[in-house]
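Structure at a glance
Letter by letter, the chains look like this.
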Amino acid sequence: MYVKICGLREPEHVMAAVEAGADAIGFVLTRSSRRVTPARARELASTVPSHVLTVAVFAGETSHEVRQATLESGVRAVQLHGDHPHEDFTALKDLGVTLVRAGGAAADLRCGAFDEDLLIVDAPRPGSGQPWDWSAVRGRPRGRWMLAGGLDPSNVAEAISAAEPWGVDVSSGVETAPGVKDSGLIRSFLDAARRTGRG
Ligand SMILES: O=C(O)c1ccccc1N[C@@H]1O[C@H](COP(=O)(O)O)[C@@H](O)[C@H]1O
């Protein structure tokens, strides 16, 4: 089970996620209580070993803004939320980063349909911490896809069993308040996701 921990802002939480075995770590570079500057993302990403994917999260920025912030932050992946046309993904190909498309259950659920490398199937309001009917997408997404939206250490096993994703992605569920991560919750989430025995 591939696990991404998103919305990290402090070195101690980056360290906790890496040490607990996260596959990917996200930095939010868009409007959010979790927002960090590209410079801060670069500082945090510089401490992450190369086997862990560093991801910059965007929602609504132009391709030019995404490109600039990605280069500035030095991350290895870009995650785009919202109604981006295929061309926006194609335009980022030359950056050589992993492209992640994030959308709701009504989006095209074929990973790669927009030339992306990974797909996230998320709640209607990304980053809200609101659980949704994960079972509604069971059997529908194709390829490498992560389930997100309202996951936490206590429900991630149920969510995996309901949707059977390739991976899971969490932000609010490993926080004690919006934007405030908790190392213990990060460890518990990774432990619970891995204990499902899938992959
Ligand atoms: O985390 C945010 O603030 C955010 C803002 C805008 C777009 C995406 C955002 N995060 C993504 O939302 C899910 C996590 O949701 P949840 O908080 O666990 O319910 C994940 O894909 C984040 O990358």
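Just so we're clear, the structure is a prediction, and the values are computed from it rather than from any experiment.

Attention now goes to the site of the ligand. Near the ligand you find 28 residues, and of these S32, P126, G127, S171 and S172 are the closest. Taken together, the elements giving at least two residues each to the shell around the ligand come down to β2 (24-28), β3 (53-59), β4 (77-81) and β8 (167-170). Of the residues contributing to the shell around the ligand, the split by class is eleven nonpolar, 14 polar and three charged.

A separate point is the packing of helix α2 (residues 38-45) against helix α3 (residues 63-73). The geometry of α2 relative to α3 is characterised by a closest axis approach of 7 Å and an angle of 40° between their N-to-C directions. Considering their axes alone, α2 and α3 lie oblique with respect to each other. Viewed along their axes, α2 and α3 form a crossing whose handedness is right-handed. Where α2 approaches α3, its residues P38, A39, A41, R42 and A45 are matched on the opposing element by A69, E72 and S73.

Looking only at helix α5 (residues 156-163), the buried set comprises V156, A159, I160 and A163. Considered in projection along α5, the buried side chains sweep an arc of 100° and stay on one side of the axis. Of the residues flanking the end of α5, it is E164, one or two places downstream, whose phi is positive at about 50°.

Looking now at helix α6 (residues 183-194). One turn of an α-helix holds 3.6 residues; hence residues three or four places apart share an orientation. The end-to-end C-alpha separation of α6 is 17 Å, in line with the 16 Å expected for twelve residues at 1.5 Å each. In the core, the buried residues of α6 are packed alongside β1 (2-5), α1 (11-19), α5, β8 and β10 (180-181).

All right, on to the packing of α1 against α6 then. Look at α1 against α6: their axes get within 9 Å of each other, and the N-to-C directions meet at 20°. By the angle class used here, α1 and α6 are roughly parallel. The handedness of the crossing between α1 and α6 comes out as right-handed. Across from E12, H13, A16 and A17 in α1, the residues of α6 making contact are S183, I186 and R187. Tallied by class, the residues present in the contact of α1 with α6 amount to three nonpolar, two polar and two charged.

Turning to the UniProt feature "domain: N-(5'phosphoribosyl) anthranilate isomerase (PRAI)" (unreviewed entry) in the protein, a few remarks are in order. Taking the numbering used here, the UniProt-annotated feature "domain: N-(5'phosphoribosyl) anthranilate isomerase (PRAI)" (unreviewed entry) corresponds to residues 3-191. Secondary structure within residues 3-191 divides into 26% helix and 23% strand; the distance between the first and last C-alpha atoms comes to 10 Å.

Moving on, we come to the sheet that holds β4. Around the barrel, which closes on itself, the eight strands sit in the order β1-β2-β3-β4-β5-β6-β7-β8 with parallel pairing between neighbours. Pairs of neighbouring strands in the sheet enclose a mean axial angle of 25°, with direction left out of account.

Parameters at a glance
Residues numbered from 1 in each chain as written. Predicted model: local features only at pLDDT ≥ 70, side-chain atom pairs only at ≥ 80, totals over all residues. Near = placed C-beta within 6 Å. Helix = DSSP H or I, 4+ residues; strand = E, 2+ residues; numbered from the N terminus. Nonpolar A, V, L, I, M, F, W, Y, C, P; charged D, E, K, R; others polar. Axes fitted to C-alpha atoms, helices over the stretch in contact; angles between N-to-C directions. Parallel < 35°, antiparallel > 145°, perpendicular 65-115°, else oblique. Left-handed = near helix turned anticlockwise from the far one by under 90°. Contact = placed C-beta atoms within 7 Å. Buried ≥ 20, exposed ≤ 12 C-beta atoms within 10 Å, placed from the backbone. Arc of directions from axis to C-beta. Expected span 1.5 Å × (residues − 1). UniProt positions renumbered as here; feature names shortened; annotations may be inferred. Pairing = 2+ DSSP bridges.

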